[in-house]
Amino acid sequence: MNIIQIFRQFPTQKSCIKHLEKLRWGKTPVCVYCGSTNTNPLNQEGRFRHYCNGCCRAFNVTVGTIFHGTHVPLQKWFLLISLMQNAKKGLSSCQASRDIEVKQATTWSMMHRIRKAMGSDNSLLSGIIEMDETYVGGKPRKDNKKDDDDENNTGSPRGRGTKKTAVVGMVERGGNVKAKSVAKNELNFIDFLKMIRKNINVAESLLVTDEYKAYNRMNKVIPHYSVNHSREYVKGDIHTNTIESFWAILKRGIMGQFHWVSKKHLNAYIDEFCYRYNAREIDNSVVFTMTLSNMLMIRN
């Protein structure tokens with residue numbers, strides 16, 4: 001769903017409220033406090049509240065959700081969701097702030113609430129799974145050719161010797177991706193094995209990696225093939241090109257749009273990129289509805 005469709009379908013606060021009520025309750029409002037369906041609409045201009053005859057409390061559809069307590073019109077929330085889901089390489093809070101005419105700090109907070117709704121995928125990957133790790137950090141400034149991560153300004157080592165944050169990812173060929181940041185001491189066989197068992201259906205999958213030593217004993221739990229990148233990048237169907245393509249999108253987004261992301265919030269940004277990638281073949285209106293539904297289910 002694009003911003004033109006948002007303006008057409010949700011021109012007022014009332015239309016936005018009615019849509020959220022339909023998603024959360026269907027045709028019958030349910031008290032958010034006691035679960036009773038014995039409710040009546042309250043006649044309060046512009047407030048769109050309901051009164052529960054069971055517990056004698058008033059409520060509206062946003063109570064207990066990510067939207068709870070917001071002073072920003074819901075149409076602007078809907079516009080921001082649309083802008084984020086359609087920005088393949090991400091959207092900065094500064095740009096979004098200008099687009100929806102909300103202060104940057106408020107927009108940044110709204111975007112993180114939306115990202116929270118984008119990080120709730122508990123399904124298992126299956127089939128041919130590519131697994132790899134990459135490193136995310138600051139981009140060198142134009143007037144300083146030395147790496148921002150190098151505290152001695154003598155040039156930062158590349159690969160696994162860098163000071164940048166490690167990110168581990170797994171992707172189905174033609175399917176979904178999962179990724180998260182990890183500490184450097186978690187780049188080992190035991191921690192990788194925990195990630196695989198948590199995120200992959202090992203009985204119905206085949207793992208493809210590079211020749212990093214942490215993958216050496218994976219054949220004990222899952223069929224495993226590796227490609228030696230010092231000699232070749234593709235060996236028939238054995239390659240990690242799919243996960244490398246996802247890393248390219250992630251890094252271009254972080255470097256080109258956000259410029260810098262703190263370790264504290266990095267996983268939230270990774271969840272956003274995974275969510276968009278996994279929804280790439282789903283109709284935009286379906287993804288929009290799915291995001292709204294997640295925001296109504298997650299407690300604020």
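See the structure shown above.
These notes cover the structure that comes with them. Since the structure is predicted, the reported quantities are computational estimates derived from the model, not experimental observations. (Residues numbered from 1 in each chain as written. Predicted model: local features only at pLDDT ≥ 70, side-chain atom pairs only at ≥ 80, totals over all residues. Heavy atoms only, no water.)

Topic: the nonpolar core
- Within the largest apolar cluster, 41 residues are counted, with the highest numbers of intra-cluster contacts made by Trp 77, Phe 78 and Leu 80.
- Taken together, the elements giving at least two residues each to this core come down to helix H2 (13–25), helix H3 (74–86), helix H4 (93–100), helix H5 (104–117) and helix H9 (284–297).
- Broken down by element, this core gets its largest block of residues, eight residues, from H3.
- One finds Tyr 135, Phe 189, Ile 196 and Tyr 212 within the second-largest nonpolar core, a separate group that totals 21 residues. (Core = buried A, V, L, I, M, F, W, Y, C linked by side-chain atoms within 4.5 Å. Buried < 20%, exposed > 50% of the residue type's maximum accessible area, 1.4 Å probe, protein only. Helix = DSSP H or I, 4+ residues; strand = E, 2+ residues; numbered from the N terminus.)

Thoughts on a nonpolar patch on the surface
- A cluster of nonpolar side chains, contributed by Ile 3, Ile 4 and Phe 7, occupies part of the molecular surface with about 260 Å² of accessible area.
- By secondary structure assignment, the location of Ile 3 is in helix H1 (residues 3–9).
- Taking relative accessible area as the criterion, Ile 3 reaches 35% and is therefore assigned partly exposed. (Patch = residues over 30% accessible without salt bridge, like charges linked within 9 Å, V, L, I, M, F, W, Y side chains within 5 Å. Areas by Shrake-Rupley, 256 points an atom, 1.4 Å probe, with all protein chains shown as cover. Salt bridge = Lys/Arg side-chain N within 4 Å of Asp/Glu carboxyl O.)

With respect to the packing of aromatic side chains
- One pass over the structure, following the stated rule, counts 12 aromatic pairs.
- The interplanar angle of 50° and the centroid separation of 5.7 Å between the aromatic rings of Phe 246 and Trp 247 together place this pair among those described as tilted. No difference in accessibility class separates Phe 246 from Trp 247, as the two residues are buried.
- Considering the side-chain rings of Phe 246 and Tyr 277, the 5.4 Å spacing of their centres and the 75° angle between planes classify their relative orientation as edge-to-face. With Phe 246 in helix H7 (residues 241–258) and Tyr 277 in helix H8 (residues 263–278), this residue pair connects regions lying 31 residues apart in the sequence. By the burial criterion, Phe 246 is buried, and Tyr 277 matches it.
- Through pairs of rings, three or more aromatic residues link up here, namely Phe 10, Phe 78 and Phe 288.
- In this structure, Arg 217 packs its charged tip against the face of Phe 189, placed 4.1 Å from the ring centre.
- Arg 276 extends its terminal NZ or CZ atom over the ring of Phe 273, reaching a point 4.9 Å from the ring centre. (Phe/Tyr/Trp six-rings, centres within 6.5 Å; stacked < 30°, edge-to-face > 60°. Lys NZ or Arg CZ within 6 Å of the ring centre and 35° of its normal.)

Comments concerning the environment of Phe 10
- Structurally, the position occupied by Phe 10 is in the loop between H1 and H2.
- When its relative accessible area of 3% is taken as the criterion, Phe 10 is described as buried.
- Between the C-alpha atom of Phe 10 and that of Asn 86, which follows or precedes it by 76 residues, the distance is 18 Å.

Comments concerning the sheet that holds strand E2 (residues 50–52)
- Within the open sheet, the three strands sit side by side as E1-E2-E3. Their pairing is antiparallel. Only two strands of the sheet have a single partner each, and these edge strands are strand E1 (39–41) and strand E3 (58–59).
- Pairing of E1 with E2, which is carried by three bridges, proceeds in the antiparallel orientation. Residue pairing across strands places Thr 39 opposite Cys 52, the latter belonging to E2. (Pairing = 2+ DSSP bridges.)

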